[in-house]
Amino acid sequence: MSATRRPSREIDRLPKTVRDTLGQLLREGCSAAEARERLDPALPRPDAADIDAWRAGGYPRWLEDTARLEHLQALREAALEVVAGGGGALYEGSLELAAACMFELLKNFDPRAVREQIEEDPAQFARILGIMARLSDGGLKYEKYRAQVAERKTRLGRMLREAGDKGLTPERRAEIERELGLL
């Protein structure tokens, strides 16, 4: 085992709070010595040489993991905003999240890599197509549902306006209750 790998793995074994703080300090441009001095003295403090070794090995992995977690958190927050803005429909948020993930995959689309994957495992291509078809189908069904809900709301509003000051007849009330039961 090389001397440069051991300290990187030693820092990888430190508590996550220490690694996160150390990673943030290195991201801000601190030298290894500065980062060591700024770490909480109550927590384990690696040597500057260990920090330099981690910068070459574990730190790039930490950056990738952190970027991935931040991206997933942003997707989660976006899905929650969609759910909150759309009346709290969980399936709407899930469709949005799935679409965002598919976009992420397609953003870095490389036809040659896909062709190689298909040659290695043709069933994988069929699975991808199936997923995309289900995602599209789910979106269409949701749009149809939203249109039906909007139509029912319009109909209920019209019924209530027609009733006006006269009040609701038992028949009109039963009709409204049927419409509400469908929502």
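Anything mentioned here points back to the structure above.
Residues numbered from 1 in each chain as written. Predicted model: local features only at pLDDT ≥ 70, side-chain atom pairs only at ≥ 80, totals over all residues. Heavy atoms only, no water.

Student: Run through the overall build of the chain, naming residues and quoting values.
Tutor: From N to C terminus, the chain includes nine helices and zero strands. Taken from N to C terminus, the helices and strands of the chain fall in the order α-α-α-α-α-α-α-α-α. Here the chain holds 183 residues, and 22% of them are scored as buried. Taking as baseline every contact in the chain between residues at least 6 positions apart, the subset at least 24 positions apart corresponds to 55%. Total accessible area computed for the chain in this model is approximately 12,900 Å², and 57% of it derives from carbon and sulfur atoms. (Helix = DSSP H or I, 4+ residues; strand = E, 2+ residues; numbered from the N terminus. Buried < 20%, exposed > 50% of the residue type's maximum accessible area, 1.4 Å probe, protein only. Contact = heavy atoms within 4.5 Å. Areas by Shrake-Rupley, 256 points an atom, 1.4 Å probe, with all protein chains shown as cover.)

Student: Would you mind going over the pattern of salt bridges in detail, with residue names and values included?
Tutor: Close approach of charged atoms allows side chains of opposite charge to pair. Applying the stated criterion across every chain, the model contains 11 salt bridges. Residues R68 and D65 are paired through a salt bridge, measuring 3.0 Å at the closest nitrogen-oxygen approach. Highlighted residues: R68 and D65, both in helix α5 (residues 58–85), separated by three residues, approximately one helical turn. Looking at R68, the relative accessible area reads 46%, which means it is partly exposed. Ionic pairing is found between E151 and R155, a salt bridge with its closest N-O pair at 3.7 Å. Taken together, the positions of E151 and R155, both in helix α8 (residues 122–163) and four residues apart, correspond to about one turn of that helix. We classify E151 as partly exposed; its relative accessible area is 47%. Taken together, the salt bridges that share partners define one network made up of R36, E37 and R45. (Salt bridge = Lys/Arg side-chain N within 4 Å of Asp/Glu carboxyl O.)

Student: Talk me through the packing of aromatic side chains; I want residue IDs and the actual numbers.
Tutor: Scanning the model with the defined rule gives two aromatic pairs in all. Pairwise contacts between aromatic rings join W54, Y59 and W62 into one cluster. (Phe/Tyr/Trp six-rings, centres within 6.5 Å; stacked < 30°, edge-to-face > 60°.)

Student: Outline the nonpolar core, supporting the account with residue identities and numerical values.
Tutor: With 14 residues, the main nonpolar core has I11, L22, L26, A35, I51 and W54 as its most contacted residues. When contributions to this core are tallied by element, the ones reaching two or more residues are α2 (16–27), α3 (32–38), α4 (48–56) and α5. For this core, the element with the highest residue contribution is α2, accounting for four residues. The contact partners of L26, leaving out residues within four places of it in the chain, are A35, I51, W54, R55 and Y59. (Core = buried A, V, L, I, M, F, W, Y, C linked by side-chain atoms within 4.5 Å.)

Student: Now, about the environment of E10: what can you tell me, with residues and values included?
Tutor: Looking at the element boundaries, E10 is found in helix α1 (residues 5–12). The class for E10 is partly exposed, based on a relative accessible area of 33%. For the pair E10 and I51, spaced 41 residues apart in the sequence, the C-alpha separation amounts to 9.8 Å.

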